Amino acid sequence: MTGAEDYYKKTFCIPLVPNQRPAACGFDFYDNENRMPKANGTYSTYQVLIHFSIIKTIILKFADASREVIKSHEGSKTPFFLYLPFQSVHYPVMVPKNYSDLYPNEKNHTRKEYMGMVTAMDEAVGHIVDELKAAGAYENTLFFYATDNGGLVGAGGRNAPFRGQKATLWQGGLRVPAFISGPGVPSASNYKNMMHIVDVQMTLLDAIGHQRTGEKHVDGVSHWSAITAGDEKETMDLLRRKRERTYDEVESRIQKKLALEKPRTEILDRILIFALD
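Quick summary incoming for the structure in this document. None of these values were measured; they are calculated from a predicted model. (Residues numbered from 1 in each chain as written. Predicted model: local features only at pLDDT ≥ 70, side-chain atom pairs only at ≥ 80, totals over all residues. Heavy atoms only, no water.)

### Structural notes on the nonpolar core
Right, so step 1: By size, the foremost hydrophobic cluster in this structure holds eight residues: Tyr7, Tyr43, Tyr46, Met94, Val95, Tyr99, Met117 and Ala120.
Right, so step 2: Residues Ile128, Leu132, Ala137 and Phe143 belong to the second largest nonpolar core, which totals five residues. (Core = buried A, V, L, I, M, F, W, Y, C linked by side-chain atoms within 4.5 Å. Buried < 20%, exposed > 50% of the residue type's maximum accessible area, 1.4 Å probe, protein only.)

In structure tokens form, the structure reads like this:
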């Protein structure tokens, strides 16, 4: 649940009181609310818990588990949705040696391990693509790939040419690589509109032709028509979107909440520290 657990042991430790008590450690690998101790010992990128109505809950490698889902739909006209949240490349920086050895010219050990982690993840994604092709489903499958934040420089990440890193408000912390590929998406194109994580759901629903009732308010907007048309003229400005409440109302609510809280000076200090990097 933290993303920072050991890639093999699946454990994570939090010091309760620095230099006074031993760290509190726990096993951090679950299937919903059930701890899965059998996951201990296998590199995380090769392993996932998938619970589908069509198969039993299984503990398999990421790629192997995905293959099971794909194979179970082979020849079926029923669409499937596969959410594949790799732990990679979150710290701690850990990878089997055969992957980091692929980069002998990288002198920085942490960066070398990080590059190996990316390669291991890329290999797993490749296995899934191969399985889709073997099942005859590749040409009718839509892929959306993204990360959640910029790289952490101290853990091997690089965000050049952008300034900053994870936990900062510069582009190096907020602007991340992403791509979408599949039916209807122009090939070899560069989509320049700003897209927020809340937009992914709306975009994918439009991509599959889902008819929304409009009864529930949503935060995201769909980019599907702009993506398929190759429209780069209108920027999706988050601050100008029509929402269920005005931004004045949001600001008022935030200010009322802040008035009831103590100043979080440690957050400001942390941002200033990052600003010196």
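Additional details are given in the paragraphs that follow.
### A closer look at unusual backbone geometry
Right, so step 1: A cis amide bond links Tyr91 with the next residue in sequence, Pro92, at an omega value of 10°.
Right, so step 2: Locating Pro92 in the fold gives a position in the loop between α1 (62–72) and α2 (97–100).
Right, so step 3: For the peptide bond that leads from Ala160 to Pro161, omega is 10°, which places it in the cis range.
Right, so step 4: You can see Pro161 is positioned in the loop between β7 (143–146) and α4 (171–174).
Right, so step 5: One non-glycine residue with positive phi stands out, namely Ala167, at about 75°.
Right, so step 6: Among the secondary structure elements, Ala167 is positioned in the loop between β7 and α4.
Right, so step 7: Residue Ala188 is not a glycine yet carries a positive backbone phi of 50°.
Right, so step 8: Assignment of secondary structure puts Ala188 in the loop between β8 (178–181) and α5 (199–207). (Helix = DSSP H or I, 4+ residues; strand = E, 2+ residues; numbered from the N terminus.)

### Some thoughts on the side chain of Thr203
Right, so step 1: By secondary structure assignment, the location of Thr203 is in helix α5.
Right, so step 2: What Thr203 contacts, discounting residues up to four positions off in sequence, is Met195, Val221, Ser222, His223, Trp224 and Ile227. (Contact = heavy atoms within 4.5 Å.)

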